Every structure is written in C-alpha cells, then in structure tokens.
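Structure assessment
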Amino acid sequence: MSTAYLLILCGGVLLSACVYCFLNRRDTRTIFRAVLTVLMSSALGLIVCKALYMITQIDYTLAYGFSETLFTLDPLRCSFYGAAAGACLGAALAGKWTGMRPLQALNRFAPAGILMAAVARFGEYFLENKLYGCGRYFDIETEPFFCRFPISIGNEWDEYYLAVFVLEGICCLAVFALSVFGLKKDRFIRSLFYFCLPQILCESLRRMSFVWHEFVKVEQLLCMLVMEGILLYYALKTPKTQRNRFLPPILGLVAAGIFVAVEFALDKSDLPHLLTYAVMVLGMGLLAFSETLGWKRASLDTDAFTKT
C-alpha cells in the first residue's frame, strides 16, 4: 500500500472528526466524543476489514498463510465493507462509553463516516495497483473519448480502465449530502441503506472483487443482505394492523432476483451491457422505493439519548 494512500486515509479520519464536531457543535462534549469515535472507528475498522476478508476468502487466507494475510496492507486482502462495519461498531461503542445509546451515537456519526468512506474511495487513485478499483478496459484506438480521467485511469503502458473508484466516491458524497440535508430522522439506518445501494452497481463494474464460485461477488452480496435486513427490520417495526407490512422486504427479494439475473447475463450471455446495467439500475430504483415505503410505515425510535 502506497504512503500517499495511507496519508489520504489519515486525512479522511481527520476530516471526519471535524465534520462530526461541526454537525454536533451544540453538544458540550462533542470534541471528546469526536476524537474517541474516530479513533475507535479506525481501530475496529482495521480489525474487521481483515477479519471479514479472512473469513470470506478462507482459501486465499490458507494459501497465503494466516500471518502473511493478517499483517499485509495489500488492499486486495482487506475488505472495504468490513472496514465500514468495524467503523460503525467503533462509533457505537464510543457512544456507549460516553453516555449515548448506540443508535443515537451512530445517527451522529453517519455523515462523518460516509465522508470518510468517500475519501478512502477517491484515495484509491494513489494505490500502486492501478487495477484495484477499476473496471472494463477501453481501447485507446476505438474509444479515445473514454481514455481520460476521471472516466478512466491509465497505466504506464497506456492501458485505460474504467475508474469505478471515482463513481464510488461520488456516490458516497451524494449519500453524505443526503444524510446531512435529507435524513433528519433515523439517520444511521437510512444512510446505511443508501450507502449500500449504489455498491450493487459499482461492485458489478469492478474487475477485482472477492468472488465465490467464479460468479457470486461477496461484497455485493453483503450489501444486498444488509439492505434486505433493513427492509425486514422496517416490516417488524410496522404495526401489525398495517396491511402488507412485509411488502418492502418482498420487493427487496424481487430486486435481488433481478440482480442475480443481470449478473448471470453479464457473465453468460451476449446481451448489450448497457441494457443489462439499465435493468440493474431499475432494480436499484425498486429497492429505493421499498426503503421509503418501509420507513414511512415503521415506528422507529433511534434518536433518544440515555444521558448527555
């Protein structure tokens, strides 16, 4: 892992702490909470990103060796979403230790955490392995328009690949803006849903992903499971008198079926990729509709303090 990328990650942590302080500036303990939150999030993010990779890619862990896999900083042997999960766990624990309910702490941390993820994604530009975070190959002779940054990124041999990490960073910034300005209630759980949503497309576009059986992209599957879990949580929190309260998670399963069909078509058919990805985007729209419907019906309580 390059020194520049490590510095970018450190800058992201500092920026996250500053944003946390600004958004929670009315809290007299905000500086202490911000520092503890980003430190805990960073530490547990590093631990969980390794743990998730080693569990989901056990064959590679055994092949490389346990200690080699554990201590390498190679991003190909770390899980970005494991780091995100660890960061959330760290924020929840930091909040608990400073007198907040875990979900209240996560509501406060959500925008700062997503901004940290955006910085990490944009920082992939500085990785030594230029294929990490990239997608399809562009032929400079026949597709010169696409052979430029930020659409693609080139290497020393003038080979150009779709800069998926730029798209992921932009998506994170969009969710950050949504989290700050649009999600005033239940900010964490809704921000988490919309953080995972575009990753369905982005992980499909990536060349280098954790794969099971040459077809199932592990981190894409994890994002779908998180979103389906949120939709199911909404259904369980919806009053039993509400008709069709399990409709959102059912629609989520329909969307999952669409994604499976699209991935199969991308791998096994000659259908135009523009068409298959358009279908995937429609499935993502169905998921967004399901989330809005489920949240409006649910009776959640994630915003109260235990003490200040």
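Please refer to the structure higher up on the page.
Residues numbered from 1 in each chain as written. Predicted model: local features only at pLDDT ≥ 70, side-chain atom pairs only at ≥ 80, totals over all residues. Heavy atoms only, no water.

Once that is clear, we can look at the packing of helix 8 (residues 187–196) against helix 12 (residues 273–297). Running from N to C, helix 8 and helix 12 point in directions that differ by 170°, and their axes come no closer than 11 Å. Between helix 8 and helix 12, the crossing angle belongs to the class labelled roughly antiparallel. Residue-level inspection shows R190, F193 and Y194 of helix 8 in contact with helix 12, the latter providing L287, A288, E291, T292 and W295. (Axes fitted to C-alpha atoms, helices over the stretch in contact; angles between N-to-C directions. Helix = DSSP H or I, 4+ residues; strand = E, 2+ residues; numbered from the N terminus. Parallel < 35°, antiparallel > 145°, perpendicular 65-115°, else oblique. Contact = heavy atoms within 4.5 Å.)

Our focus in this paragraph is a nonpolar patch on the surface. Side chains of L232, L236, F246, I250 and V254 sit close together on the surface and give an oily, nonpolar patch of about 430 Å² of accessible area. With respect to the element layout, L232 can be found in helix 10 (residues 218–237). For L232, a relative accessible area of 39% gives the class partly exposed. (Patch = residues over 30% accessible without salt bridge, like charges linked within 9 Å, V, L, I, M, F, W, Y side chains within 5 Å. Areas by Shrake-Rupley, 256 points an atom, 1.4 Å probe, with all protein chains shown as cover. Salt bridge = Lys/Arg side-chain N within 4 Å of Asp/Glu carboxyl O. Buried < 20%, exposed > 50% of the residue type's maximum accessible area, 1.4 Å probe, protein only.)

A negative phi angle is the norm for most residues apart from glycine, just as the trans form is the norm for most peptide bonds. The peptide bond linking F149 to P150 adopts the cis configuration, its omega dihedral lying at 15°. Structurally, P150 is set in the loop between strand 1 (137–138) and strand 2 (152–154). With phi around 55°, D158 is a residue other than glycine that occupies positive phi space. By secondary structure assignment, the location of D158 is in the loop between strand 2 and strand 3 (160–162).

A separate point is the sheet that holds strand 1. Overall, antiparallel pairing links the three strands, which are arranged 1-3-2 in an open sheet. At either margin of the open sheet sits one strand with a lone partner, and together these are strand 1 and strand 2. In this structure, strand 2 lies alongside strand 3, joined through three bridges in antiparallel fashion. Paired with I153 across the bridge in strand 3 is Y161. (Pairing = 2+ DSSP bridges.)

Its location among the elements puts N24 in the loop between helix 1 (3–23) and helix 2 (30–56). With residues up to four places along the chain from it excluded, the contact list for N24 reads T30 and R108.

Tallying each qualifying case throughout the model produces twelve salt bridges. Among the salt bridges present, the one from R121 reaches E124, with a minimum N-O distance of 2.7 Å. The burial state of R121 is the same as that of E124; both residues are buried. The closest approach of N and O atoms between R206 and E203, which form a salt bridge, is 3.6 Å. Each member of the pair R206 and E203 is classed as buried. Residues participating in the shared-partner salt-bridge network are R121, E124, E168, E203 and R206.

Within the fold, R297 resides in helix 12. The charged side chain of R297 is buried without a salt bridge, its nearest counter-charge being E291 at 12 Å. The contact partners of R297, leaving out residues within four places of it in the chain, are T238, P239, Q242, R243, N244, R245, L247 and P248. (Lys, Arg positive; Asp, Glu negative; His and termini not counted.)

As a further point, take the environment of L247. Note on placement: L247 falls in helix 11 (residues 247–268). Look at L247 and you get partly exposed, because its relative accessible area is 30%. Each C-alpha atom, one on L247 and one on A235, is 7.9 Å from the other, the two residues being twelve residues apart in sequence. The residues touching L247, leaving out its near neighbours within four places in the chain, are L293 and R297.

Take the packing of aromatic side chains next. What the rule picks out here adds up to eight aromatic pairs. With a centroid separation of 5.2 Å and 10° between ring planes, the pair formed by F138 and F146 is classed as stacked. Measuring from ring centre to ring centre gives 5.3 Å for F193 and Y194, while their planes differ by 70°; the resulting arrangement is edge-to-face. This pair shows no difference in class: F193 is buried, exactly as Y194 is. Grouping aromatic residues by their ring pairs yields a cluster made of F80, Y81 and F195. One residue, R77, lies across the ring of Y64, its end atom 4.0 Å from the ring centre. The ring of Y132 carries R206 above its face, with NZ or CZ at 5.0 Å from the centroid. (Phe/Tyr/Trp six-rings, centres within 6.5 Å; stacked < 30°, edge-to-face > 60°. Lys NZ or Arg CZ within 6 Å of the ring centre and 35° of its normal.)

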